[in-house]
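Residue-level structure breakdown
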Amino acid sequence: MSERIILPVSANETNGIEDARSVRFQEDDGFVMHYATYTAYNGRAILPQLIETQDFLHFRIITLNGSAVQNKGMALFPRKIGGRYAMLSRQDDENLFIMFSDNPHYWSDPQLLMRPSEPWENVKIGNCGSPIETEAGWLVITHGVGPMRRYCIGAVLLDLEDPTRIIGRLRRPLLAPE
């Protein structure tokens, strides 16, 4: 093969690998690891998984652990915040949560970050990938699901030092279908 690809290899992935969210993660000492969270689907149940690679030639796939490892949309921040790993998730298939951990493989104690508030996202809200660090804060591209399963793209800005604090949020979508 001329390209590196990842194929389903376990019973948990028999119906696919979905919703990969990749991030270049830099440790405090400068070490870089590339992570991708994804959803393994076997036709009945979903299972959040994590791929790790340093070189995009060798991959390690790990099942995430902890009470907060459920549903879809888990996305790591690209660096630690306050000495801890941080991740966005959607615990209940409706709202956006944030959680912190000392270990990138174990997650618990999710905190509600935001609920759908606008008509274009009134069914559910989620992230479209890992937050992007900017001078103004953490930029999170979101997706909202509104009436008739209409998906739109939005954006939220979180505080750099305390990403549980929302600085700004678009009231109208960046992109919407016609």
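Scroll up for the structure.
Residues numbered from 1 in each chain as written. Predicted model: local features only at pLDDT ≥ 70, side-chain atom pairs only at ≥ 80, totals over all residues. Heavy atoms only, no water.

Brief notes about the sheet that holds strand β1 (residues 17-26)
Using the following cut-off: When DSSP finds two or more bridges between two strands, those strands count as paired. In this description a helix means any DSSP run of H or I spanning at least four residues, a strand means any run of E spanning at least two, and both kinds are numbered starting from the N terminus. All axes are obtained by fitting lines to C-alpha atoms, using only the stretch in contact for helices, and the reported angles, taken between N-to-C directions, cover 0 to 180 degrees.
In spatial order, the strands read β1-β2-β3-β4; together these four strands make up an open sheet with antiparallel pairing. Across the chains shown, the open sheet's two edge strands, defined by having one partner strand only, are β1 and β4 (60-63). Taken pair by pair, the neighbouring strands of this sheet meet at an average axis angle of 25°, ignoring direction. Two strands pair when backbone bridges link them, and β1 and strand β2 (residues 32-41) are joined in this way by eight bridges, in the antiparallel orientation. By the bridge assignment for β2, R24 is matched with H34.

Some remarks on the packing of aromatic side chains
Worth spelling out the cut-off: Stacked, tilted and edge-to-face are the three classes assigned to paired rings of Phe, Tyr and Trp, where Trp is represented by its six-membered ring and a pair needs centres within 6.5 Å; plane angles under 30 degrees give stacked, over 60 edge-to-face, the rest tilted. Think of it in three bands: with a 1.4 Å probe and only protein chains considered, a residue is buried below 20% of the maximum accessible area for its type, exposed above 50%, and partly exposed in between.
Under the definition given, this model contains four aromatic pairs. Both rings, one in F56 and one in F59, keep their centres 6.4 Å apart while their planes meet at 75°; by these two values the pair is edge-to-face. By relative accessible area, F59 is classed as partly exposed at 34%. With centroids separated by 5.1 Å and ring planes inclined at 85°, the aromatic side chains of F77 and W138 adopt a geometry described as edge-to-face. Of this pair, F77 sits in the loop between β5 (75-76) and β6 (85-89) while W138 sits in strand β11 (residues 138-145), and the two are 61 residues apart along the sequence.

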